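This is what each chain is made of:
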Amino acid sequence: TFALLFALIVAAPAGAQTVNENVIREAQIVHNRVQKYKDISRKLTKYNIMVDGFFMFGFDNEDNTIFQSTLTAVKEMDLDDAIAYILTPYPGTESFRKLDREKRILNYNWTKYSWYNCNYQPVKMTPQELEDGLRWLYRELNKHYRQTFLRRVWKYRALAIRHLPLTMKIIQNYWNWVDVTKLP
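Residues numbered from 1 in each chain as written. Predicted model: local features only at pLDDT ≥ 70, side-chain atom pairs only at ≥ 80, totals over all residues. Heavy atoms only, no water.

Points about the overall build of the protein chain
Helix and strand counts for the protein chain stand at nine helices and three strands. The proportion of buried residues among the 184 residues of the protein chain is 43%. Considering only contacts in the protein chain between residues 6 or more positions apart, those separated by 24 or more positions represent 70%. (Helix = DSSP H or I, 4+ residues; strand = E, 2+ residues; numbered from the N terminus. Buried < 20%, exposed > 50% of the residue type's maximum accessible area, 1.4 Å probe, protein only. Contact = heavy atoms within 4.5 Å.)

Re the nonpolar core
Counting residues in each nonpolar core, the largest one holds 34 residues, and the members touching the most others are Phe57, Tyr120, Leu130 and Leu141. Going through the elements one at a time, helix H3 (34-46), strand E2 (50-57), helix H4 (66-77), strand E3 (81-86), helix H5 (94-101) and helix H6 (127-147) are the ones with two or more residues in this core. Contact partners of tyrosine 120, with chain neighbours within four places excluded, come to Phe57, Gly58, Ile86, Leu87, Pro89, Leu99, Arg104, Ile105, Leu106, Pro127 and Leu130. (Core = buried A, V, L, I, M, F, W, Y, C linked by side-chain atoms within 4.5 Å.)

Some remarks on the confidence of the model for the protein chain
Note: predicted coordinates in regions of low pLDDT should not be interpreted at a detailed level. Scored by pLDDT, the protein chain has a mean of 78; 66% of the residues are at 70 or more. The secondary-structure element of the protein chain with the lowest mean pLDDT is helix H1 (residues 2-8), recorded at 41, while H5 shows the highest, at 94. Predicted confidence is poor over residues 1-10, with pLDDT under 50, and the contacts of this stretch with residues over four places away or in other chains come to 13 contacts. (pLDDT = per-residue confidence, 0-100.)

Let's talk about the packing of aromatic side chains
By the definition in use, this model includes seven aromatic pairs. Consider the rings of phenylalanine 96 and tryptophan 110, whose centres lie 5.7 Å apart with planes at 70°: the pair is edge-to-face. Residue phenylalanine 96 is found in helix H5, and its partner tryptophan 110 is found in the loop between H5 and H6; the two are separated by 14 residues along the sequence. In this structure phenylalanine 96 comes out as buried when scored by relative accessible area, which is 10%. We classify tryptophan 110 as partly exposed; its relative accessible area is 43%. Grouping aromatic residues by their ring pairs yields a cluster made of Phe96, Tyr108, Trp110 and Tyr113. (Phe/Tyr/Trp six-rings, centres within 6.5 Å; stacked < 30°, edge-to-face > 60°.)

Describing unusual backbone geometry
When glycine is set aside, most residues are seen to have a negative phi, and most peptide bonds are trans. Of note in this structure, aspartate 78 is not a glycine but carries a positive phi near 55°. Given the relative accessible area of 22%, aspartate 78 is considered partly exposed.

Looking at the pairing of E3
Summarising burial for E3: five of the six residues are buried, a large majority. Pairing analysis gives six bridges linking E2 to E3, with the strands arranged parallel. Each residue of the ladder has a partner; that of phenylalanine 54, found in E3, is isoleucine 83. (Pairing = 2+ DSSP bridges.)

Structure follows, in structure tokens:
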């Protein structure tokens with residue numbers, strides 16, 4: 001039954017959030033453990049389930065080494081895709097209230113609030129370092145996924161045959177990676 005259920009699933013988004021254990025502890029996130037990410041990814045891909053990682057940057061406990069650490073972890077976990085974004089303190093959220101109390105909000109223009117703009121003062125980086133780090137990471141991820149493209153096609157060949165329209169969309173996405181020059 002377990003294998004049948006997995007046969008119906010094509011992809012699993014994994015909201016890892018960060019590869020920094022200190023951030024996970026500080027945020028009291030009990031369900032994410034960096035050391036388990038690789039095992040979970042391996043178990044899912046065993047059933048031909050593509051694993052996508054989602055990573056947030058700009059936590060108080062992070063410096064600009066987090067981008068290289070995340071790239072290394074993405075490669076070690078053998079993730080099939082990775083989405084990276086800057087922590088965004090949207091109005092009405094606890095993160096906004098905290099940063100506003102600490103006078104760290106730099107911009108109250110809500111049209112500038114996106115996953116790629118830093119609108120607050122991080123603790124261990126400048127806003128520019130955070131934005132530049134994200135752009136650097138996307139450039140490196142683009143290179144990595146293009147270099148491993150054929151291996152991934154082979155890895156998911158059975159899935160590719162069963163779900164041809166999805167396969168065509170994935171192939172299209174592999175060649176249309178995030179253009180970091182067009183990030184806001």
